[in-house]
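Observations on the three-dimensional arrangement
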Amino acid sequence: DTAVSQTPKYLVTQMGNDKSIKCEQNLGHDTMYWYKQDSKKFLKIMFSYNNKELIINETVPNRFSPKSPDKAHLNLHINSLELGDSAVYFCASSLDLGNTIYFGEGSWLTVV
Amino acid sequence: DAKTTQPPSMDCAEGRAANLPCNHSTISGNEYVYWYRQIHSQGPQYIIHGLKNNETNEMASLIITEDRKSSTLILPHATLRDTAVYYCIVRATGNQFYFGTGTSLTVIP
């Protein structure tokens, strides 16, 4: 069973659309994250949630809105998609803020 | 912000030990050294971490120098499936993981 799972794995959409990426972890962890990996392969943290509360919000446009309905889920909603949003988005989780992070397999977003 | 320096790429013959170096000369006393790897088209995978003692698990060994300013990740018997980008990260408990550019390891048959 996959510990951190994301859907969809691949997403191709047009500029201006709104889309969501879902993430679920079955590890019983309290903290979840979203990372973005761009075309140059730099992996950058976007958000961090602990017990459903936002802890970290790096410099990310407000078109990106994470939502955590419970500790096991952290979804990423993106409004008014732009070409520059094309990237691989990784969800991750850890037992709490101080522990090792475990990543999902990524969601490949292409905006055309 | 990545506080580590790694060579951009390395090659290793299959079956040999792969030794991946990392410099972290500004590491603080409460910062751990973590290693992750990312195989092509997959999510980053945790390998090992340590504070000041050497560590070993089923995947690798981590050797940290006595002054903690550098470390080496050792894959004892590299296989083709070990071809990946390897990231060395220093991080204090409770802080975020910041990934640098890593070392692209190619295991050659």
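Read on for a plain summary of the structure.

What counts, and where the lines are drawn
- Residues numbered from 1 in each chain as written.
- Chains lettered and ligands numbered in written order.
- Predicted model: local features only at pLDDT ≥ 70, side-chain atom pairs only at ≥ 80, totals over all residues.
- Heavy atoms only, no water.
- Helix = DSSP H or I, 4+ residues; strand = E, 2+ residues; numbered from the N terminus.
- Rg over C-alpha atoms; globule rule 2.2 N^0.38 Å.
- Buried < 20%, exposed > 50% of the residue type's maximum accessible area, 1.4 Å probe, protein only.
- Contact = heavy atoms within 4.5 Å.
- Salt bridge = Lys/Arg side-chain N within 4 Å of Asp/Glu carboxyl O.

Along the backbone of chain A there are zero helices and eleven strands. The helix and strand sequence of chain A, counted from the amino end, reads β-β-β-β-β-β-β-β-β-β-β. Computed over C-alpha atoms, the radius of gyration of chain A comes to 13 Å, within 12% of the 13 Å expected from 2.2 N^0.38 for 112 residues, which places it in the range of a compact globule. C-alpha atoms of chain A, sized along the principal axes, occupy 35 × 30 × 25 Å. Taken over 112 residues, chain A has a buried fraction of 44%. Within chain A, residue pairs in contact and separated by at least 24 positions form 55% of the contacts whose partners lie at least 6 positions apart.

Turning to the pattern of salt bridges, a few remarks are in order. Residue and element names in this part refer to chain A. Inspection of the entire model under this criterion finds five salt bridges over all chains. A salt bridge links Lys71 to Asp30; the nearest nitrogen and oxygen atoms lie 2.7 Å apart. Note that Lys71 is positioned in the loop between strand S7 (64-70) and strand S8 (73-78) and Asp30 in the loop between strand S3 (19-25) and strand S4 (31-37), a separation of 41 residues in sequence. Between Asp85 and Arg63 there is a salt bridge whose closest N-O contact spans 2.8 Å. Taken together, the positions of Asp85 in the loop between S8 and strand S9 (87-94) and Arg63 in the loop between strand S6 (53-57) and S7 put the pair 22 residues apart, joining distant regions of the chain. Note on Asp85: relative accessible area 3%, which makes it buried. One salt-bridge network, held together by shared partners, links Arg63, Glu82 and Asp85.

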